[in-house]
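# Remarks on the overall topology
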Amino acid sequence: MTLNRTATLAGVSIAALLALTACNPAGQTAPADATAMEAPVTTPDAAGTVVAVAQGNPDFSTLVSAVVAADLAGTLGGTGPFTVFAPTNAAFAKVPAATLATLMAPAGKADLTRILTYHVVAGRVDAAALTQQIQAGGGSAALTTVQGGTLTARIGADGSVTLTDGNGGVSRVVQADVPASNGVIHAIDTVVMPK
């Protein structure tokens, strides 16, 4: 049961990361320093919800597939606002194929949902607000996810924002402030997993 839950969580996290990558136009990456990250990434106007924006970006195709498999498209297409730490396709590629397949199967839906909702924070937290929270927290900010767990945000040695999950895994924001009509997306390079 623990392996199945871990596999499901990994799959969901990967899906979320892929969705954020899809919002990354022409392979842009996040700025190297926290100050640069405070400025929004230049992208087309927010033409849709976080789900629609992810669907429009091929780098988030795995995330979109996971969101559909978990039956979360309606929820994430709702009013929000939501802050989504979206794993890119490359982030999902780090998850073992068998684990991802297990999570994407109908029997893995609960675990996938748990993982994907661990990538979502209620409210709109753009890069500037997140940086302020980190500074106000003395170098870290605890973000409560929709899943109920916590992600710890910090400024990494290279100046990028990192997220530490409930298991000690670390992900890096590779693109910040992708706008959506019901929130904001930050693409991440690794699927984060709840405890």
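Overview of the structure. Small disclaimer: the values here were computed from a predicted structure and weren't measured.

## Looking at the overall build of the protein chain
When its secondary structure is counted, the protein chain shows nine helices and seven strands. Within the protein chain, the proportion of its 195 residues that are buried is 52%. Considering only contacts within the protein chain whose residues lie at least 6 apart along the sequence, 77% involve residues at least 24 apart. For the protein chain, the exposed area adds up to about 7,900 Å²; of that, 58% sits on carbon and sulfur atoms.

## Examining the sheet that holds strand β5 (residues 161-164)
Reading across the sheet, the seven strands line up as β2-β1-β7-β6-β5-β4-β3 and stay open at both edges, with mixed pairing between neighbours. Looking along the sheet, the strands with just one partner apiece sit at the ends: β2 (120-122) and β3 (141-144). Averaged over all adjacent pairs, the angle separating strand axes in this sheet is 30°, with direction ignored. Across six bridges, strand β1 (residues 82-87) lies against strand β7 (residues 183-188) in parallel orientation. Its bridge partner being in β7, Phe85 is matched across the sheet by His186.

## Quick look at the pattern of salt bridges
On inspection of all chains with the given rule, the structure shows two salt bridges. Where Lys109 meets Asp71, a salt bridge forms, and the shortest distance between an N and an O atom there is 3.8 Å. One end of the pair, Lys109, is in helix α8 (residues 109-117); the other, Asp71, is in the loop between α4 (61-69) and α5 (73-76), and 38 residues separate them in sequence. You can call Lys109 partly exposed: its relative accessible area is 36%. A salt bridge links Arg172 to Asp189; its shortest N-O distance comes to 3.8 Å. Of this pair, Arg172 sits in strand β6 (residues 170-180) while Asp189 sits in the segment after β7, and the two are 17 residues apart along the sequence.

## Describing the pairing of β1
Within β1, six of the six residues are buried, which leaves it mostly tucked inside the rest of the structure. Judged by which residues are buried, β1 turns out to be covered on both faces: Phe82, Val84 and Ala86 on one side and Thr83, Phe85 and Pro87 on the other are all buried. Alignment of β1 against β2, held across three bridges, turns out to be antiparallel. Looking at the pairing, Phe82 lines up with Ala122 of β2.

## Some words on helix α7 (residues 97-104)
The set of residues buried in α7 consists of Thr99, Leu100 and Leu103. Relative to the axis of α7, the buried residues are bounded by an arc of 95° and lie together on one face. Exposed side of α7, more than 90 degrees from the buried face: Ala97 and Ala98 are the residues found there.

## Digging into helix α9 (residues 127-136)
Within the span of α9, buried status applies to Ala127, Ala128, Leu130, Thr131 and Ile134. The buried residues of α9 occupy one face: seen down the axis, they fall within an arc of 165°. What points out from α9, more than 90 degrees from its buried face, is the exposed set Gln132 and Ala136. Looking one or two residues past α9, Gly138 carries a phi angle of roughly 75°, positive in sign.

## Description of the pairing of strand β4 (residues 150-155)
In this sheet, β4 lies alongside β3 in antiparallel orientation, the contact comprising four bridges. Residue pairing for β4: Ala142 is matched across the bridge by Thr152. If you look at the hairpin formed by β3 and β4, you'll find five residues sitting between the two strands, and Gly148 has a positive phi there, around 110°. Relative to β5, β4 runs antiparallel, the two being bridged by four bridges. Pairing of Ile155 across the sheet is with Val161, part of β5. Linking β4 to β5, which pair antiparallel, is a turn of five residues; within it Gly159 sits at a positive phi near 90°.

Parameters at a glance
Residues numbered from 1 in each chain as written. Predicted model: local features only at pLDDT ≥ 70, side-chain atom pairs only at ≥ 80, totals over all residues. Heavy atoms only, no water. Helix = DSSP H or I, 4+ residues; strand = E, 2+ residues; numbered from the N terminus. Buried < 20%, exposed > 50% of the residue type's maximum accessible area, 1.4 Å probe, protein only. Contact = heavy atoms within 4.5 Å. Areas by Shrake-Rupley, 256 points an atom, 1.4 Å probe, with all protein chains shown as cover. Pairing = 2+ DSSP bridges. Axes fitted to C-alpha atoms, helices over the stretch in contact; angles between N-to-C directions. Salt bridge = Lys/Arg side-chain N within 4 Å of Asp/Glu carboxyl O. Arc of directions from axis to C-beta.

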